[in-house]
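# Tertiary structure, described
Here is how the chains run, residue by residue.
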2 protein chains.
Amino acid sequence: MASTRCAACKYLRRRCPSDCIFSLYFPSNNPQRFAYVHKIFGASNVGKMLQDLPVHRRADAADSLYYEAHCRIKDPVYGCVGIINILHQEIHNVQCQIAKIQAEIAFLGTHAQSDQQLQIAPNLDPNFLAEQKGLSNSFDDSSTWFF
Amino acid sequence: MASTRCAACKYLRRRCPSDCIFSLYFPSNNPQRFAYVHKIFGASNVGKMLQDLPVHRRADAADSLYYEAHCRIKDPVYGCVGIINILHQEIHNVQCQIAKIQAEIAFLGTHAQSDQQLQIAPNLDPNFLAEQKGLSNSFDDSSTWFF
């Protein structure tokens, strides 16, 4: 007879109650998913964290806990915080690229207008630089890395 | 007499041994730091994770565990995975901005060169588009969000 216990109850070698907090989010066909969160957070903590949430948020919470646990197992020093650092660095690199492009556009615009007396940029959005300023400001709102 | 126990041993109400795994990373003057990681990961798991690392990596690991725990307490559904999602969205937005700017530059260059027969962009790096291509490719290497 096939077992009807969820992955958590199988792992913990216990009966799977009908109201098991794990069963919907840790199905028996993916035992590694529970093994990961158990190793990093502990079964008791995971159960408490799920229990403290409204039912409709639990699936997302289980997914994010699994993601964090997976990252921590792959990178025991930084976990998914390492990914946050990489993404902050990527954003910084792209901001540098934008600054460079803005300098190129400023050069093109100034050179064309003052030296050649041409109206060469009728399609250039007059709010462009303002938008760019807004764009760089938007990074001030991103989550702060506080190591 | 002032206590010499670290924040972890104070929290766990136990003697702080001379070789305490927590004492260097959870000093007594910051009890909340240990309370956070204890709530999310459990003291035993934190101790095991630190113990499994070389000594010179443990400070960074303790910092990243604290950061993750802090994020999970602020956002019990997504934790710091929510920050990863926000940063991915920011990168996507910046990529869209770059595509828009590239279109503006293409317009400026084509219009100026073909209609006005001017060489208005001597300072425009000839490798610019190649660099931009490389830039967008670099995002393919970023960590994949696999919900």
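All values derive from a computational prediction rather than experimental measurement.

## Notes on the overall build of chain A
Within chain A, the secondary structure is distributed over six helices and zero strands. By residue count, 42% of the 147 residues in chain A fall in the buried class. Nonlocal contacts in chain A, meaning residues at least 24 apart in sequence, comprise 46% of its contacts between residues at least 6 apart. Working note: accessible area of chain A is about 8000 Å², and carbon and sulfur atoms make up 51% of it.

## Quick notes on the packing of helix α2 (residues 31-41) of chain A against helix α4 (residues 55-74) of chain A
All names here are of chain A. Interaxial distance between α2 and α4 falls to 8 Å at its minimum, and their mutual angle equals 70°. One finds that α2 runs roughly perpendicular with respect to α4. Where α2 abuts α4, its residues Arg33, Tyr36, Val37, Lys39, Ile40 and Phe41 lie against Ala62, Asp63, Leu65, Tyr66, Glu68, Ala69, His70, Arg72 and Ile73.

## Here we look at the nonpolar core
Membership of the largest hydrophobic core comes to 52 residues, with the highest contact counts inside it found for Phe22(A), Phe26(A), Phe41(A), Phe22(B), Phe26(B) and Phe41(B). Elements represented by at least two residues in this core include exactly α1 (7-11), α2, α3 (43-51) and α4 of chain A together with α1 (7-11), α2 (31-41), α3 (43-51) and α4 (58-74) of chain B. Discounting residues that sit within four places of it in the chain, Phe26(A) has contacts with Cys6(A), Ala7(A), Ala8(A), Arg33(A), Phe34(A), Val37(A), Val46(A), Leu50(A) and Ala62(A). Counting residues in hydrophobic clusters, the runner-up holds 16 residues, among them Ile84(A), Ile91(A), Val81(B) and Leu87(B).

## Some details on the UniProt feature "domain: LOB" (unreviewed entry) in chain A
Sites flagged by UniProt as "domain: LOB" (unreviewed entry) map to residues 4-105 of chain A. End-to-end, the C-alpha atoms of residues 4-105 of chain A are 64 Å apart, and along that stretch the chain is 70% helix and 0% strand.

## Regarding the pattern of salt bridges
Tallied over the full model, the rule gives four salt bridges over all chains. As a salt-bridge pair, Arg72(A) and Glu68(B) come within 2.6 Å of each other at their nearest N and O atoms. Here the residue Arg72(A) occupies a position in helix α4, and Glu68(B) occupies one in helix α4, the pair thus bridging two chains. Accessibility expressed as a relative area gives 1% for Glu68(B), which makes it buried.

## Concerning α2(A)
All names here are of chain A. Among the residues making up α2, those that are buried are Arg33, Phe34, Tyr36, Val37, Ile40 and Phe41. All buried residues of α2 lie within an arc of 155° about the axis, which places them on one face of the element. Relative to its buried face, α2 has exposed residues pointing more than 90 degrees away, namely Pro31 and Lys39. Glycine 42, located one to two residues past α2, shows a positive phi value of around 90°.

## Points about the side chain of Arg58(A)
All names here are of chain A. With respect to the secondary-structure elements, arginine 58 resides in helix α4. No salt bridge is formed by the buried arginine 58; the nearest opposite charge belongs to aspartate 52, separated by 7.7 Å. From its side chain, arginine 58 meets the backbone oxygen of leucine 50 in a polar contact 2.8 Å long. Look past the residues within four positions of arginine 58 in its chain and what remains in contact with it is Ile21, Tyr25, Leu50, Gln51 and Leu53.

What counts, and at which threshold
Residues numbered from 1 in each chain as written. Chains lettered and ligands numbered in written order. Predicted model: local features only at pLDDT ≥ 70, side-chain atom pairs only at ≥ 80, totals over all residues. Heavy atoms only, no water. Helix = DSSP H or I, 4+ residues; strand = E, 2+ residues; numbered from the N terminus. Buried < 20%, exposed > 50% of the residue type's maximum accessible area, 1.4 Å probe, protein only. Contact = heavy atoms within 4.5 Å. Areas by Shrake-Rupley, 256 points an atom, 1.4 Å probe, with all protein chains shown as cover. Axes fitted to C-alpha atoms, helices over the stretch in contact; angles between N-to-C directions. Parallel < 35°, antiparallel > 145°, perpendicular 65-115°, else oblique. Core = buried A, V, L, I, M, F, W, Y, C linked by side-chain atoms within 4.5 Å. UniProt positions renumbered as here; feature names shortened; annotations may be inferred. Salt bridge = Lys/Arg side-chain N within 4 Å of Asp/Glu carboxyl O. Arc of directions from axis to C-beta. Lys, Arg positive; Asp, Glu negative; His and termini not counted. Polar contact = N/O pair within 3.5 Å; in protein donor to acceptor, adjacent residues only side chain to side chain.

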